Amino acid sequence: DSVVDAGYDMLLTANNHAGDTMAAGIQRTLEHVRGKGLATLGTQLNDEEPKYSIVEVNGIKIGMVCYTFTTSMKDGKPRLNGGLPLEQPELVNYFTYGDLEGFYGEMAQIVAAMEAEGAEATMLYIHWGDEYYLEENYRQNDIAQKMCDMGIDVIVGGHPHVVQPMELLESTVDPEHKTICIYSVGNVVSNQRLGNISQINTPHTEDGALFSVTFEKYTDGRVYVAEVDVLPTWVNMYRNENDKTVYAILPLEEERREEWAELFDLPGAILTAAENSYDRTMKIVGEGLSQCQTYLEQQKLAREQYYIDLAAGNAA
């Protein structure tokens, strides 16, 4: 209910815990989430439902698909989190690191299907990588490059529970095609703090990133990625006056940094923790974000000059 009230339209339902209560849990989750009016992406009620969605936003059709890794396979069926194999694997969009070629083949079919249905831009949401590592691994790099070569425009990653870098990828098939990739958006709502989970030795698990992308459509029908941005978030976990634990997700806008203490009612030490969170996230994504933004700004200037020249009869 809170997600709906906050204005969200879709939830990603494919991750390594999607099969924790097997097919019944997958189906119940979909029925409950959809019953609240939210779209879902990544799991299906049956094999007749498509593995992707074409979402129209302000007249632009965006093809979206969501996949998760599986920890292992048994008798051709995935173990999403190391437990029992999923008896109905068709309910989840999954890939295995041991058969990436199979994943690439499936994705190629999906990209072709989305484009055939009118998708003007494409996004992949993917559950991958190693938990608590502040940099992506080589398999994430390989997959991201392959998705770029297929023509995917934007890749949004999750699973590591910490923010990981952004990167501007160039296709090896079409040098004019670039892909924006953020390898992990970290945690949003999280109880993972220093001192309460043995695997955690960093406060980075308190940090998240709200990633935004803007597409623009021109009168000739062409659609471009025009802007990307990252808004760092921090989980302010505290006990309220009723002795209840509160998980307040703070959007750390740099432009309002001087207002954080008043906006979020943060005493000195807590304000410092929020500032440290912002700095941690920007240290990880800042260079890649700047690279992506600079490229997109340059492309937009060149593109709009082209259209000006075209209108004046000075371009073909």
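Report follows, based on the coordinates.

### Things to note about helix H6 (residues 268-311)
Here comes step 1: If you check H6, its first and last C-alpha atoms are just 57 Å apart, much less than what 44 residues at 1.5 Å a residue would give, namely 64 Å.
Here comes step 2: Roughly 50° is the biggest bend found in H6, and it falls at Val-285.
Here comes step 3: Once H6 ends, the next one or two residues include Gly-313, with phi positive near 80°.

### Focus: the sheet that holds strand S14 (residues 245-251)
Here comes step 1: Reading across from one edge, S12-S13-S14 is the order of the 3 strands in this open sheet, with antiparallel pairing throughout. Across the chains shown, the open sheet's two edge strands, defined by having one partner strand only, are strand S12 (207-217) and S14. When strand polarity is set aside, the average angle formed by the axes of neighbouring strands in this sheet is 25°.
Here comes step 2: The strands that H6 touches are S12 and strand S13 (223-239); relative to S13, the one it contacts most, it runs at about 170°.

### Structural notes on the pairing of S12
Here comes step 1: Where S12 lies against S13, 11 bridges are found, and the strand directions are antiparallel. Among the inter-strand pairings, Val-213 is bridged to a residue of S13, identified as Val-228.
Here comes step 2: Taken together, S12 and the strand that follows it, S13, pair antiparallel across an intervening segment of 5 residues, in which Gly-221 is found at a positive phi of about 90°.

### Quick word on helix H2 (residues 22-35)
Here comes step 1: For H2, with 14 residues, the first-to-last C-alpha span of 20 Å sits near the 20 Å given by 1.5 Å per residue.
Here comes step 2: Looking at H2, one finds that the buried residues are Ala-23, Gly-25, Ile-26, Leu-30 and Val-33. End-on, the buried residues of H2 take up no more than an arc of 165°, which puts them together on one face. Those residues of H2 that are exposed and angled more than 90 degrees off the buried face are Ala-24, Arg-28, Glu-31 and Gly-35.
Here comes step 3: Elements in contact with the buried residues of H2: strand S1 (10-12) and strand S2 (39-41).

### Points about the packing of aromatic side chains
Here comes step 1: Evaluated as defined, the whole model comprises 10 aromatic pairs.
Here comes step 2: When the ring of Phe-69 is compared with that of Tyr-97, the centres are 6.1 Å apart and the planes differ by 25°; the resulting orientation is stacked. Note that Phe-69 is positioned in strand S4 (residues 60-69) and Tyr-97 in the loop between strand S7 (94-95) and helix H3 (100-116), a separation of 28 residues in sequence.
Here comes step 3: Take Tyr-97: its relative accessible area is 18%, and that puts it in the buried class.
Here comes step 4: By way of ring pairs, the aromatic residues Tyr-67, Phe-69, Phe-95, Tyr-97, Phe-103 and Tyr-104 are connected into one cluster.
Here comes step 5: Against the face of Tyr-224 rests Arg-303, its NZ or CZ located 4.1 Å from the ring centre.

### Description of the layout of surface pockets
Here comes step 1: Approximately 580 Å³ is the volume attributed to the second largest pocket.
Here comes step 2: Lining of the second largest pocket is provided by 22 residues; of these, Asp-153, Glu-176, His-177, Lys-178 and Tyr-224 occupy positions nearest its centre.
Here comes step 3: Taken together, the elements giving at least two residues each to the lining of the second largest pocket come down to strand S8 (121-127), strand S11 (178-185), S13 and H6.
Here comes step 4: Looking at the lining of the second largest pocket element by element, the count peaks at 4 residues for H6.
Here comes step 5: Across the lining of the second largest pocket, the residue classes tally to 10 nonpolar, 4 polar and 8 charged.

Reading the values: the criteria
- Residues numbered from 1 in each chain as written.
- Predicted model: local features only at pLDDT ≥ 70, side-chain atom pairs only at ≥ 80, totals over all residues.
- Heavy atoms only, no water.
- Helix = DSSP H or I, 4+ residues; strand = E, 2+ residues; numbered from the N terminus.
- Expected span 1.5 Å × (residues − 1).
- Bend = angle between axes of the 7 residues up to and from the residue.
- Pairing = 2+ DSSP bridges.
- Axes fitted to C-alpha atoms, helices over the stretch in contact; angles between N-to-C directions.
- Contact = heavy atoms within 4.5 Å.
- Buried < 20%, exposed > 50% of the residue type's maximum accessible area, 1.4 Å probe, protein only.
- Arc of directions from axis to C-beta.
- Phe/Tyr/Trp six-rings, centres within 6.5 Å; stacked < 30°, edge-to-face > 60°.
- Lys NZ or Arg CZ within 6 Å of the ring centre and 35° of its normal.
- 1 Å grid on protein atoms, 1.4 Å probe; cavity = no way out; pocket = protein on both sides within 12 Å on 5 of 7 lines; lining within 4 Å.
- Points joined across faces, edges and corners; volume = space filled by probe spheres on them.
- Nonpolar A, V, L, I, M, F, W, Y, C, P; charged D, E, K, R; others polar.

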